[in-house]
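# Results of the structural survey
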Amino acid sequence: MKKGIRILSALLFIMVILAGCSSKPQLPETPIVYQHNVGNEYVYLTAGDKIYVPYCAYKPSMLGECIGYCDVEATEYSGATREYIYELKGYSSDEWIVSVLFAGNFREGMILRELNATEIPEGLSSEYEWNQ
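What comes next concerns the included structure. None of the values given here were measured: they were computed from a predicted structure.

### So, the overall build of the protein
Tallying secondary structure elements over the protein gives one helix and eight strands in all. The N-to-C order of helical and strand elements in the protein reads α-β-β-β-β-β-β-β-β.

### A few points about the environment of Pro-25
Structurally, Pro-25 can be placed in the loop between α1 (2-22) and β1 (32-33). Relative accessible area serves as the criterion here: at 17%, Pro-25 is assigned to the buried category. The spatial distance from the C-alpha of Pro-25 to the C-alpha of Gly-68 is 9.9 Å, given a sequence separation of 43 residues. The residues contacting Pro-25, other than those within four sequence positions of it, are Cys-66, Tyr-84, Tyr-86 and Phe-102.

### Some remarks on the nonpolar core
Residues Tyr-58, Tyr-86, Leu-88, Val-98, Val-100, Ile-111 and Leu-124 are the most contacted members of the largest nonpolar core, which totals 16 residues. For this core, the element with the most residues is strand β7 (residues 96-103), which contributes four residues. Not counting residues within four places of it along the chain, the set of residues in contact with Tyr-86 comprises Pro-25, Leu-63, Gly-64, Glu-65, Cys-66, Ile-67, Ile-97, Val-98, Val-100 and Phe-102.

### What about the pairing of strand β6 (residues 81-88)?
Inspection of the sheet shows strand β5 (residues 63-72) paired to β6 by seven bridges, in the antiparallel sense. Among the inter-strand pairings, Leu-63 is bridged to a residue of β6, identified as Leu-88. When β6 meets β7, the two strands line up antiparallel, connected through five bridges. Across the sheet, Ile-85 pairs through a bridge with Ser-99, a residue of β7.

### Comments concerning the side chain of Ser-93
If you trace the backbone, Ser-93 turns up in the loop between β6 and β7. Those residues in contact with Ser-93 that lie beyond four places of it in its chain are Tyr-52, Ile-67 and Glu-87.

### Description of the side chain of Glu-83
By secondary structure assignment, the location of Glu-83 is in strand β6. No salt bridge is formed by the buried Glu-83; the nearest opposite charge belongs to Arg-82, separated by 10 Å. Not counting chain neighbours up to four residues away, the residues in contact with Glu-83 comprise Leu-45, Gly-68, Tyr-69, Cys-70, Val-72, Ser-99, Val-100 and Leu-101.

### Overview of the packing of aromatic side chains
Tallied over the entire structure, the rule returns four aromatic pairs. Taking the centre distance of 5.9 Å and the plane angle of 70 degrees together, the rings of Tyr-42 and Tyr-44 count as edge-to-face. When the centroid spacing of 5.0 Å and the interplanar angle of 85 degrees are considered together, the rings of Tyr-55 and Trp-96 count as edge-to-face. With a gap of 41 residues between them, Tyr-55 in strand β4 (residues 50-56) and Trp-96 in strand β7 connect regions that are remote in the sequence. Note on Trp-96: relative accessible area 0%, which makes it buried. Cation over ring: Arg-82 sits above Tyr-69, and NZ or CZ is 3.9 Å from the ring centre.

### Notes on the sheet that holds β6
Judged by pairing direction, the sheet is mixed, and its eight strands sit side by side in the order β1-β5-β6-β7-β8-β4-β3-β2 without closing on themselves. Each edge of the open sheet carries a strand with a single partner, namely β1 and β2 (35-38).

Thresholds, definitions, all that
- Residues numbered from 1 in each chain as written.
- Predicted model: local features only at pLDDT ≥ 70, side-chain atom pairs only at ≥ 80, totals over all residues.
- Heavy atoms only, no water.
- Helix = DSSP H or I, 4+ residues; strand = E, 2+ residues; numbered from the N terminus.
- Buried < 20%, exposed > 50% of the residue type's maximum accessible area, 1.4 Å probe, protein only.
- Contact = heavy atoms within 4.5 Å.
- Core = buried A, V, L, I, M, F, W, Y, C linked by side-chain atoms within 4.5 Å.
- Pairing = 2+ DSSP bridges.
- Lys, Arg positive; Asp, Glu negative; His and termini not counted.
- Salt bridge = Lys/Arg side-chain N within 4 Å of Asp/Glu carboxyl O.
- Phe/Tyr/Trp six-rings, centres within 6.5 Å; stacked < 30°, edge-to-face > 60°.
- Lys NZ or Arg CZ within 6 Å of the ring centre and 35° of its normal.

These results come straight from atomic positions and should not be treated as a statement about function.
See below:
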């Protein structure tokens, strides 16, 4: 009996850990739907009249609230994906957002700057010459 309880407890613990590691973010009730676009030099996102261009890599501590998503169509190189869009903690999503792709337990993302944003968050610098 004790052995069965230990095994069951261990299985529940493993399920909780795995579910927490791979869980997708919770979208708001009315998420912003961003559009994925390809330019001459970079991929960018749009929402309404806002254009967001890549700026630099993010750290998980920089994520604010999840505010929307962007579905990326399948290409010859990859299947369709969904990127989740977050606020950059401490900054308006009118100027700065973070796009994060969840692939299993792996997260990849990028901070994006709205083209007209002039205030650069402390500690950030663009990884791209064209966006400095």
